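Spelled out from the first residue to the last, the chains are:
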Amino acid sequence: MSDIIFQRHSIPVVKPDPIPRDTIELLLNAGAQAPNHHRVRPWRFIVLEGTARERLGDIFAQVLSDQHPGLSAEALAKERAKPLRAPLIIAVGVDVPDDPRVVMLENICAAAAAAENILLEAVVQGLAGMWRTGAPANDVRVKQFLGLQPEQPMIAFLYIGYPAVGPKTEVRPSFEDRTVWMSE
Ligand SMILES: Cc1cc2nc3c(=O)[nH]c(=O)nc-3n(C[C@H](O)[C@H](O)[C@H](O)COP(=O)(O)O)c2cc1C
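Residues numbered from 1 in each chain as written. Predicted model: local features only at pLDDT ≥ 70, side-chain atom pairs only at ≥ 80, totals over all residues. Heavy atoms only, no water.

Draft legend 1. Examining the environment of V40 more closely. Residue position: V40 is located in the loop between helix 2 (21-31) and strand 1 (43-48). It is 9.4 Å that separates the C-alpha atoms of V40 and D99, two residues lying 59 residues apart in sequence. Dropping the residues within four chain positions of it, V40 is found in contact with V102 and N107. (Helix = DSSP H or I, 4+ residues; strand = E, 2+ residues; numbered from the N terminus. Contact = heavy atoms within 4.5 Å.)

Draft legend 2. Quick peek at the packing of helix 3 (residues 52-67) against helix 4 (residues 73-80). As a packed pair, helix 3 and helix 4 sit with axes 7 Å apart at the nearest point and diverge in direction by 140°. With respect to each other, helix 3 and helix 4 are oriented oblique. Helix-helix and strand crossings are classified by hand; for helix 3 and helix 4 the assignment is right-handed. Of the residues in helix 4, those touching helix 3 at G57, D58, F60, A61, L64 and S65 are L76, E79 and R80. (Axes fitted to C-alpha atoms, helices over the stretch in contact; angles between N-to-C directions. Parallel < 35°, antiparallel > 145°, perpendicular 65-115°, else oblique. Left-handed = near helix turned anticlockwise from the far one by under 90°.)

Draft legend 3. Representation of the sheet that holds strand 4 (residues 154-161) within the structure. Sheet architecture is open: 4 strands sit in the order 1-2-4-3, paired in antiparallel fashion. Of all the strands in the sheet, the pair left with one neighbour each is strand 1 and strand 3 (128-132). Each neighbouring strand pair of the sheet contributes to a mean axis angle of 20°, computed without reference to strand direction. In this structure, strand 2 (residues 88-94) lies alongside strand 4, joined through 6 bridges in antiparallel fashion. Bridge pairing in strand 4 places V92 opposite A156. The strands touched by helix 2 within the sheet are strand 1, strand 2 and strand 4, with strand 1 carrying the most contacts at an inclination of about 165°. (Pairing = 2+ DSSP bridges.)

Draft legend 4. Layout of the nonpolar core. Membership of the largest hydrophobic core comes to 21 residues, with the highest contact counts inside it found for L27, W43, L88, I90, V92, L158 and I160. Contributions of two or more residues to this core are made by helix 2, strand 2, helix 5 (104-124) and strand 4. Core analysis: the next-biggest nonpolar cluster, separate from the first, contains 20 residues, A52, I89, A137 and L146 among them. (Core = buried A, V, L, I, M, F, W, Y, C linked by side-chain atoms within 4.5 Å. Buried < 20%, exposed > 50% of the residue type's maximum accessible area, 1.4 Å probe, protein only.)

Draft legend 5. Structural view of the pattern of salt bridges. Counting across every chain of the model gives 8 salt bridges. Ionic pairing is found between R8 and E116, a salt bridge with its closest N-O pair at 3.8 Å. Of this pair, R8 sits in the loop between helix 1 (3-7) and helix 2 while E116 sits in helix 5; the two residues are 108 residues apart in sequence, bridging distant segments of the chain. Exposure remark for E116: the relative accessible area of 29% places this residue in the partly exposed category. One salt bridge in this structure joins R21 and E25, with 2.7 Å as the shortest N-O distance. Taken together, the residues R21 and E25, both in helix 2 and 4 residues apart, mark about one turn of the helix. (Salt bridge = Lys/Arg side-chain N within 4 Å of Asp/Glu carboxyl O.)

Honestly, it's all geometry; don't read function into it.
In structure tokens form, the structure reads like this:
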């Protein structure tokens, strides 16, 4: 069993320090090692840094405002600032199959495996990560901004940065109550 798996925890608070390009590429490369049926590599990684995060925040605020008309300026400002919580966001989208052998659910599974690989490699690189989605994640305007088609699922915003708080020591529940053994 890998310590890295046990060390990975969602860390919501990270430092604003930028992450070197080489390190980001290590994360993406880890993502690209995920299993995928028919070798379709159905994940799409969209790397958001710098002011791209502000543009994403503007769209988050627009979407939230449309979903809940009449929200206060304060609530919208909070939504707009959300992508600024980490210096790096890797959004993960999923390709819709065009080969009849390929199943959408399997593509989503493969992209989720890629997202987890990225989070695990982040631990290896001394980074903290957090998988977020939230209400606007699957809005068509968010997808358009990310270069995804409306029918492409957007499964993760991986918020990544150098940890600003200490590592969690929480021990997760055992597998036992989630497992059935079938031996015959
Ligand atoms: C598909 C998916 C979506 C998630 N979306 C959110 C989210 O929008 N906000 C959030 O705070 N955490 C989100 N999380 C993170 C979970 O809250 C977190 O993984 C869970 O609490 C277990 O904690 P751990 O990651 O430290 O093991 C998401 C996780 C997954 C797998």
